[in-house]
Amino acid sequence: MKRMLLISLREFLENVRTKGFWIGILMMPVVLVLVAVVPLIIESTRSAKSYAVIDESNWLGSEVQAEISRRDFRYLFTDLRKGREEALLPELAKVLPEIRVLGETGIDEAVASILTGSAPPEALGNRWVAHLSDHRVLIRDWWQKLTPGARADLSARISSNRFVLMEHSGDIETLNQQINSGSLFAYFILGADPVNESAGGRYVSNNLTDLDLQNWYGRIVNRIVRDRRLLEKNIDEETAAWINQQTEFEGIKLDEDGLEAQVDNTDIARQWAPVGFVYFLWISILINTQMLLTNTIEEKSNKLIEVLLSSVSPVMLMGGKILGIAATGLTIILSWIVMALVFFLGVPALLGVELPLDLSSVLAEPWLLLSFLVYFLLGYLFYAALLVGLGSLCNNLKEAQNLILPVQMIQILPILMMIPIGRDPNSTLAQVMSYIPPLTPFVMMNRAAGPPAVSEYITTTLLMVVSIVAAFWLAAKVFRIGILMTGKPPGLREIYRLLRAPVSTRGTASGRAS
Amino acid sequence: MNSIELEGVNKFFGHHHAVADMSFSVPAGSVYGFLGPNGAGKTSTIRMIMSILYPDSGRVTVLGSNNPESVKDRLGYLPEEKGLYKKMKTRELIAYFGTLKGLPWREAHSRAQALLERFGLQASADQKCESLSKGMGQKVQIISTLIHEPEVVILDEPFSGLDPINIEMVRDVILDLRRQGRTVIFSTHIMEQAEQICDALLLVNGGRKILDGPVADIKRDFEPTLLVDFEGDARHLDQPGVTRINNMGRKAELSIAQDADPQMIMQSLMREMTITGFSVREPSLHEIFVRAVRESAT
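Residues numbered from 1 in each chain as written. Chains lettered and ligands numbered in written order. Predicted model: local features only at pLDDT ≥ 70, side-chain atom pairs only at ≥ 80, totals over all residues. Heavy atoms only, no water.

### So, the overall build of chain A
Link 1 in the chain: Within chain A, the regular secondary structure consists of 24 helices and six strands.
Link 2 in the chain: By the burial criterion, 44% of the 514 residues in chain A qualify as buried.
Link 3 in the chain: When contacts within chain A are restricted to residue pairs at least 6 apart in sequence, those whose partners lie at least 24 apart make up 73%. (Helix = DSSP H or I, 4+ residues; strand = E, 2+ residues; numbered from the N terminus. Buried < 20%, exposed > 50% of the residue type's maximum accessible area, 1.4 Å probe, protein only. Contact = heavy atoms within 4.5 Å.)

### Some remarks on the confidence of the model for chain B
Link 1 in the chain: Averaged over all residues, the pLDDT of chain B equals 88, while 99% of them reach at least 70.
Link 2 in the chain: Within chain B, helix H9 (residues 285–297) of chain B has the poorest average pLDDT of any element, 77, and helix H2 (residues 90–100) of chain B the best, 94. (pLDDT = per-residue confidence, 0-100.)

### Quick look at the pairing of strand E7 (residues 183–188) of chain B
Residues and elements named next belong to chain B.
Link 1 in the chain: Of all six residues that make up E7, six are buried, and the element is covered over most of its length.
Link 2 in the chain: Of the two faces of E7, the one holding Thr-183, Ile-185 and Ser-187 and the one holding Val-184, Phe-186 and Thr-188 are both buried throughout.
Link 3 in the chain: Here five bridges tie strand E3 (residues 31–35) to E7, and the two strands are oriented parallel to one another. Counterpart to Gly-33 in the pairing with E7 is Phe-186.
Link 4 in the chain: Taken together, the five bridges between strand E6 (residues 152–156) and E7 define a ladder with parallel strand orientation. In the sheet register, Val-152 faces E7, and the bridge partner there is Thr-183.
Link 5 in the chain: On the question of chirality, the crossover connecting E6 to the parallel E7 by way of helix H5 (residues 164–179) is right-handed. (Pairing = 2+ DSSP bridges. Right-handed = clockwise from strand over helix to strand, strands pointing away.)

### Some remarks on the interface of chain A and chain B
Reports often express the size of an interface as the amount of accessible area lost when the parts come together.
Link 1 in the chain: Between chain A and chain B, the contact holds 30 residues from the first and 37 residues from the second.
Link 2 in the chain: A combined buried area of about 3,200 Å² lies between chain A and chain B, and 52% of that area is made up of carbon and sulfur atoms.
Link 3 in the chain: Taken together, the connections running from chain A to chain B amount to three salt bridges.
Link 4 in the chain: Of the charged contacts in the structure, one is a salt bridge between B:Asp73 and A:Arg3, with a shortest N-O distance of 2.6 Å.
Link 5 in the chain: At the junction of chain A and chain B, the tally comes to eight residue pairs in polar contact (both at pLDDT 80 or more).
Link 6 in the chain: Considering every element that reaches the side of chain A that touches chain B, the biggest residue donor is helix H1 (residues 2–16) of chain A, with five residues. (Buried area = accessible area lost by both parts, 1.4 Å probe. Salt bridge = Lys/Arg side-chain N within 4 Å of Asp/Glu carboxyl O. Polar contact = N/O pair within 3.5 Å; in protein donor to acceptor, adjacent residues only side chain to side chain.)

### A closer look at the environment of B:Pro79
Link 1 in the chain: For B:Pro79, the location among the structural elements is in the loop between strand E5 (75–78) and H2.
Link 2 in the chain: In this structure B:Pro79 comes out as buried when scored by relative accessible area, which is 0%.
Link 3 in the chain: Remark: the alpha-carbon pair of B:Pro79 and B:Ile46, spanning 33 residues in sequence, is separated by 9.1 Å.
Link 4 in the chain: Setting aside anything within four residues of it in sequence, one finds B:Pro79 in contact with A:Glu306, A:Val307 and B:Asp156.

### Digging into the packing of helix H4 (residues 134–146) of chain B against H5(B)
Residues and elements named next belong to chain B.
Link 1 in the chain: Where H4 contacts H5, the two axes come as close as 11 Å, and the packing angle between them is 15 degrees. One element, H4, and the other, H5, form an angle in the roughly parallel class. The hand of the H4/H5 crossing is right-handed. Contacts between H4 and H5 involve Gly-135, Gln-138, Lys-139, Ile-142 and Leu-146 on the former and, on the latter, Asn-166, Met-169, Val-170, Val-173 and Leu-177.
Link 2 in the chain: Of the residues belonging to the contact of H4 with H5, the class tally is six nonpolar, three polar and one charged. (Axes fitted to C-alpha atoms, helices over the stretch in contact; angles between N-to-C directions. Parallel < 35°, antiparallel > 145°, perpendicular 65-115°, else oblique. Left-handed = near helix turned anticlockwise from the far one by under 90°. Nonpolar A, V, L, I, M, F, W, Y, C, P; charged D, E, K, R; others polar.)

### Section: unusual backbone geometry
Link 1 in the chain: Even without being a glycine, A:Asn58 presents a positive backbone phi close to 70 degrees.
Link 2 in the chain: Its location among the elements puts A:Asn58 in the loop between strand E1 (49–55) and helix H3 (60–76).
Link 3 in the chain: Phi at B:Glu157 is positive, roughly 50 degrees, even though this residue is not glycine.
Link 4 in the chain: Here B:Glu157 is to be found in the loop between E6 and H5.
Link 5 in the chain: Overall, B:Glu157 belongs to the buried group, its relative accessible area being 5%.

### Some points on the nonpolar core
Link 1 in the chain: Of all hydrophobic cores here, the largest spans 155 residues; its most connected members are B:Phe24 and B:Ile174.
Link 2 in the chain: For this core, the element with the most residues is helix H18 (residues 366–391) of chain A, which contributes 14 residues.
Link 3 in the chain: Excluding residues that lie within four positions of it along the chain, B:Ile174 makes contacts with B:Val31, B:Leu155, B:Phe159, B:Val184, B:Phe186 and B:Ile197.
Link 4 in the chain: Core analysis: the second largest hydrophobic core is formed by 19 residues, A:Trp59, A:Val64, A:Phe185 and A:Val225 among them. (Core = buried A, V, L, I, M, F, W, Y, C linked by side-chain atoms within 4.5 Å.)

### Notes on the sheet that holds strand E4 (residues 202–205) of chain A
Residues and elements named next belong to chain A.
Link 1 in the chain: Strand order in the open sheet formed by four strands is E2-E1-E3-E4, and the pairing between neighbours is mixed. The open sheet has two free edges, formed respectively by strand E2 (163–165) and E4, since each of these has just one partner strand. For this sheet, the mean angle separating the axes of adjacent strands, direction not counted, is 25 degrees.
Link 2 in the chain: Pairing of E1 with strand E3 (residues 186–190) involves five bridges; the strand directions are parallel. Paired with Asp-55 across the strands is Leu-190, a residue of E3.
Link 3 in the chain: The strands touched by helix H11 (residues 172–181) are E1, E3 and E4; relative to E3, the strand with the most contacts, the crossing angle is about 150 degrees.
Link 4 in the chain: This element, helix H12 (residues 212–232), spans E1, E2, E3 and E4 of the sheet and lies at about 25 degrees to E3.

### Examining the packing of H12(A) against helix H13 (residues 237–244) of chain A
Residues and elements named next belong to chain A.
Link 1 in the chain: Where H12 meets H13, the axes come as close as 10 Å, and the angle between the chain directions of the two elements is 135 degrees. In terms of orientation, H12 and H13 fall into the oblique class. Crossing hand, H12 versus H13: right-handed. Note on element contacts: H13 touches H12 through Ala-240, Ile-243 and Asn-244, opposite Arg-223, Arg-226, Asp-227 and Leu-230.

### Side note on the sheet that holds strand E1 (residues 2–13) of chain B
Residue and element names in this part refer to chain B.
Link 1 in the chain: Strand order in the open sheet formed by three strands is E2-E1-E4, with antiparallel pairing between adjacent strands. Only two strands of the sheet have a single neighbouring strand rather than two, namely strand E2 (16–27) and strand E4 (57–62). Averaged over all pairs of adjacent strands, the angle between strand axes in this sheet comes to 15 degrees, irrespective of strand direction.
Link 2 in the chain: With eight bridges joining them, E1 and E2 adopt antiparallel strand pairing. Residue pairing for E2: Val-9 is matched across the bridge by Met-22.

### Quick look at the environment of B:Ile167
All names here are of chain B.
Link 1 in the chain: For Ile-167, the position within the fold is in helix H5.
Link 2 in the chain: Counting along the chain gives 32 residues from Ile-167 to Gly-135, while the straight-line C-alpha distance between them is 9.8 Å.
Link 3 in the chain: Setting aside residues no more than four positions away along its own chain, Ile-167 makes contact with Phe-159, Leu-162 and Gln-193.

### Here we look at the packing of aromatic side chains
Link 1 in the chain: Evaluation of the coordinates by the stated rule reveals 20 aromatic pairs over all chains.
Link 2 in the chain: Seen in terms of ring centroids, A:Tyr383 and A:Phe442 are 6.4 Å apart; in terms of plane orientation they differ by 50 degrees. Their pairing is tilted. Residue A:Tyr383 is located in helix H18, and its partner A:Phe442 is located in helix H22 (residues 440–446); the two are separated by 59 residues in the primary sequence.
Link 3 in the chain: A:Tyr383 sits in the buried class, given a relative accessible area of 1%.
Link 4 in the chain: Connected via pairs of aromatic rings, a cluster forms that spans A:Tyr51, A:Phe163, A:Phe188, A:Tyr203, A:Trp216 and A:Tyr217.
Link 5 in the chain: Directly above the aromatic system of B:Tyr85 lies the positively charged group of A:Arg10, at a separation of 3.3 Å from the ring centroid.
Link 6 in the chain: Against the face of A:Trp59 rests A:Arg228, its NZ or CZ located 3.9 Å from the ring centre. (Phe/Tyr/Trp six-rings, centres within 6.5 Å; stacked < 30°, edge-to-face > 60°. Lys NZ or Arg CZ within 6 Å of the ring centre and 35° of its normal.)

This is the structure we're talking about:
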């Protein structure tokens, strides 16, 4: 036993000195930074698309522009409403037309000018200025409470940051040339009588995949045309608004006592967190078992095995290697957890910024983390036994790749099932898969949001432990012979024969080995 | 007192009978050679002594124990194909093998340092193994085998692939171990090496023992050879006391019965024909081996 620990200690120390180990450790901060920063970068680099409108109706185009401004305005002040400054909204609604000319910078400038009391941008109408001045304190509070992430989010939702209306002479030839040269993304032709004829409109563009502009503009046009039709049938504005009102569904969950509670983002994160954990579980197990396989084959091709076997038994050697790499893997995983905790709990508190993805509530749940560690160990031990057994038969990685292909095919299943099980953690399929030992760790982790019944946890874990013992027993049988084999690795039939053959021991037993 | 005894040991690999009914004993404190061509079963026999493999039948007794596993720590083994952990430092590696043989960590490190100094490798103690030359690597491997001061040292083909300087180095190590009273077993397919340093040996071929025993006894059992250069009628070569004639035309190799006197035979030959040169030789291990294999085959 002591020598097994010696072997695992050496294994651990050697792995800790490899580049792969540090790449593994540093993978987490890189992933975290990517998670936090990439969405912001994507938002900020998305360039605005320019479009033109030929308005044959002579009224629809300007109506649409007014509606666009209204919507932007509404987005902009959603946060105000969230801040319970609802009373402000009808007031602000009175000054709508003035903000239609404002882009993101315009809004920034406008707010800044009101807050500092400096001269407002020229584009701003007097009513807007006066109004903002009236509510200076409210707006200042609101603006100051906005995090950089929220501000970026806000500006991304302002349509004038995404789509820019171009002035034009009305000459279609020129517009077509501009589209071909790339200076114009698309142009719309609005029919002469959109209220009575639904045909007549056109959307001209060279880009057939990005339909954002078409959908967005089309929705607004439809809304206005519908309003106009309602008006022509003498339906008053109030009724029209009522007809147009959409039915909204509020997400409600039931807690353990059957009481209703509001669903917020934390709940959704908690529901999907197990899927994230499955992914990390999968990567960790894959990386570590692969490390074990490489290491076993390397040791075999380095001709070190025989020297080691003159001091320890094959089973001790195998156990030591599996243990040493388990220690390496656990070190990496613990460092990931610590880094994630620091990142999600520490960074917002220290720097006062809000992260676009807040997982602190998930990380604060010890049950999830604990099951992650337990399932890592169970899954790792199971696959480690399989791979070390198969790896012992091979002289190089190429041979090993052929031999472990069936194992790898099984390993893909949890990834394929990750999303379906995440959606319905207690489905019959998920329950059945929990009892298939090679899948148990992944599927049970996947189902954590369900959560599975305590009895399921107990039976699947027991089954898993039995499977691991069986896998170790088989692996030991193959390993003690395979590790000394040279030449072509055996086929599946020969491996089966290896498993069936009694292993001679200590000079007294009879029978044939190898 | 014997360090190692094998009785009727058999080992199969599938249908291949790798070691067949092997029995021999290695006297304590001797240098014992395993001789035989490649594939004769030397390595399999060694692996059974080291309890890396287990015999399918028969008995292996090592240092008085029927359970060789229990005496592993008193044995040192250098396999034919051996490697080093490339990324480990030389001293660390040697000490690691020491601890695997049951030495306490501190003891293993101080012994590793002492042995490195004895082998003139103190400068490489903190270098990684990958930076060692082949000869230095060989020394490190030998030190790793000896660090726990084993009572029995088993070296599988220790001379293969070595240059003359390193062959001498390994030979000196073996002789030094004998001086210290340890038992050394080494296998080789080069007879001259065995002839130079072995006290006793085992000849194997095709998994079977051909013969074994002290070198002097083996040689005594085989007839000396008389080599003659001659002119004249070759029929005269057939003198009383000559058991076998290998006539090459103007040169002949005569095997002489053990009780016959080579001097007498020479005198009779010189009477009958012109002898231009002659020599009397003890049979070399090579000849003994060839003859024994031939005899065992008939």
